[in-house]
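# Per-entry structural report
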Amino acid sequence: MSSNQNKISRLRGTQDIYGDTALLFQKIEQAAIRVFERYSFGELETPILEEKQLFVRALGTETDVVQKEMYEFEDRSKTQVAMRPEGTAGVVRAYLENNFDKNEGLCKFYYRGPMFRSERPQAGRLRQFHQIGVEELGTSSPYADAEVILSLCAFLEEAGATGFELKLNNLGTFEERTIYKEKLREFFKPQLKRLCEDCQKRFEKNVFRILDCKNPDCRKAISDAPTIESYLTEESKSHFDTVKSCLEAAGVKYKIDARMVRGLDYYTKTVFEVTHSKLGAQDALGAGGRYDQLIESFGGPSVGAVGFAVGVERLCLCLKSEEAISAETTTSFYVATLGPEALKAGFKILQSLRVEGLSAQMDFEAKSLKSQLRSADKAKSRYVIILGEEEMKKNICLFKDMAAKTQEEVGLKELLSICRDKK
Ligand code: HAM
């Protein structure tokens, strides 16, 4: 069998995360945690695997995610299982299952982790991707919408993103939307033939989703479609006005996109999206909104909720293209050795540096000093401790400062305290 036949590649639309990208992921997560703590969100980790029905009921049977994008299977006990395509449904399930609705008023969670959607992979669109998000449950207050949007902007800024745009819309309640959907149907009916095949199906099943179609012919038709505004009640309008005035008071810029609809069916009233020009076709960096009827539809109390999720890979793309990742070097040490005795002594030095809390590494297979110096450079180590048979005899090592390009002899006894001082 040739070695090629033995090769197994990763699945399309999945990624191995390492090196600078892994560092960037860490930075993003740390930025998220710092900001979410400031906004009093506590962490909630829900399982990746859930009952398929959770997503079918929460996201809507006619959504693309449920219709064609979920990774689903029957497990050994014949349960229909899905790998979570998003985080909100699981958070709502956990909120009810752990009785948060009974014990506490307002519940504020943040979450992070992989999500799965079997979409056609392209730049910024993966089949396994990561989201960082928050959900604020148990409140219908417009101030909660504002708080969630402000925490989203604060998180993106803390992560180093600039130049993103915030778009808002008011989708009203399900009742208001029922009337609006009728008006949309009346509007699209005479021009059904102009619409793409998908939109012709949407016309029957979920007319609202036509507004989200990217097909140029459909976009032309959509540009004249009525907006929901005229079908909103005073209550819905005033809710949205409060959200907008909170954002204005906080100095956050936004645009109203009266035709923005979301791909998931649970939204009511405020919806929002953050886009970035560097992302190309898949320009949504994050999105979210209010979902006032979801908790009740799962047998919980009639309380509202609001949240958002940011795509971590997309945020990485923005940060990378903005060169926001500085090639930060931690003060780290590289132990370079020549010969078996030096390797043995070097390994002890390596361990004592780490016990001191210093970052240190070495190459156990190392052959030449040159190749070890190359590795130290690649690892962005600031200092290299060089130990050969000659140095061993004299109980010294060479201490090389890679940034200052200096090198000096140091007694092995003093080495540890010198390294400690460099920390
Ligand atoms: P969503 O708009 O489906 O909302 O996804 C949120 C973000 O996840 C997107 O803006 C995007 O950055 C990222 N994302 C989605 N699909 C992919 C993909 N295939 N590849 C890479 N990134 C992707 C939700 O998931 C809602 N649960 C948000 C929410 C929370 N609403 C209320 N609370």
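Quick summary incoming for the structure in this document. This structure is a prediction, so every number in the text was calculated from the model and none was measured.

Here the focus is the pairing of strand β14 (residues 383-387). Most of β14 sits out of view: five of its five residues are buried. Burial along β14 is two-sided: the residues Y383, I385 and L387 and V384 and I386 are all buried. Across five bridges, strand β12 (residues 332-337) lies against β14 in parallel orientation. Note that in β14 the partner of T337 across the bridge is L387.

What follows is about the sheet that holds strand β2 (residues 49-51). Read across the sheet, three strands follow the order β2-β4-β3 without closing on themselves; strand pairing throughout is antiparallel. In this open sheet, the two edge strands, each paired with only one partner strand, are β2 and β3 (71-74). Direction aside, neighbouring strands of the sheet carry axes that sit 35° apart on average. Two elements, β2 and strand β4 (residues 80-83), share three bridges in a ladder whose sense is antiparallel. Residue E51 lies in a different strand from β4, and its bridge partner there is V81. In the packing of helix α3 (residues 52-59) onto the sheet, the strands contacted are β2, β3 and β4, and the crossing angle to β2 comes to about 70°.

With that out of the way, let us pick up the sheet that holds strand β1 (residues 42-43). Here eight strands make up an open sheet; going across it, the order is β1-β5-β6-β11-β10-β9-β7-β8 and the pairing mixed. Since the sheet does not close on itself, it has two edges, and those belong to β1 and β8 (255-256), each with one partner. Strand direction decides the pairing type here: strand β5 (residues 107-116) and strand β6 (residues 128-137), joined by 10 bridges, are antiparallel. In the strand pairing of β6, F109 is matched with E135. Relative to the sheet, helix α11 (residues 234-249) contacts β7 (164-170), β8, β9 (268-276) and β10 (284-290), its axis offset from that of β7 by approximately 160°.

The rules behind the values
Residue indices follow the written sequence of each chain, beginning from 1 at its first position. Local features are withheld for residues below a pLDDT of 70 in this predicted model, meaning they are given only at 70 or higher, and side-chain atom pairs are given and counted only at 80 or more; totals for whole chains, interfaces and linings count all residues. Side-chain metrics in this entry use all non-hydrogen atoms of the structure; hydrogen atoms and water are not considered. Buried means the residue's accessible area, taken with a 1.4 Å probe over protein chains only, is under 20% of the maximum for its type, while exposed means over 50%, and partly exposed covers the values in between. Secondary structure is summarised from DSSP: a helix means a run of H or I of at least four residues, a strand means a run of E of at least two, and numbering begins at the N terminus for each. Two strands form a pair only when DSSP identifies at least two bridges running between them. Helix axes use the C-alpha atoms of the stretch in contact, all axes being lines fitted to C-alpha atoms, and the angles between their N-to-C directions lie in the range 0 to 180 degrees. Note on contacts: a residue pair is in contact if any heavy atoms of the two residues lie within 4.5 Å.

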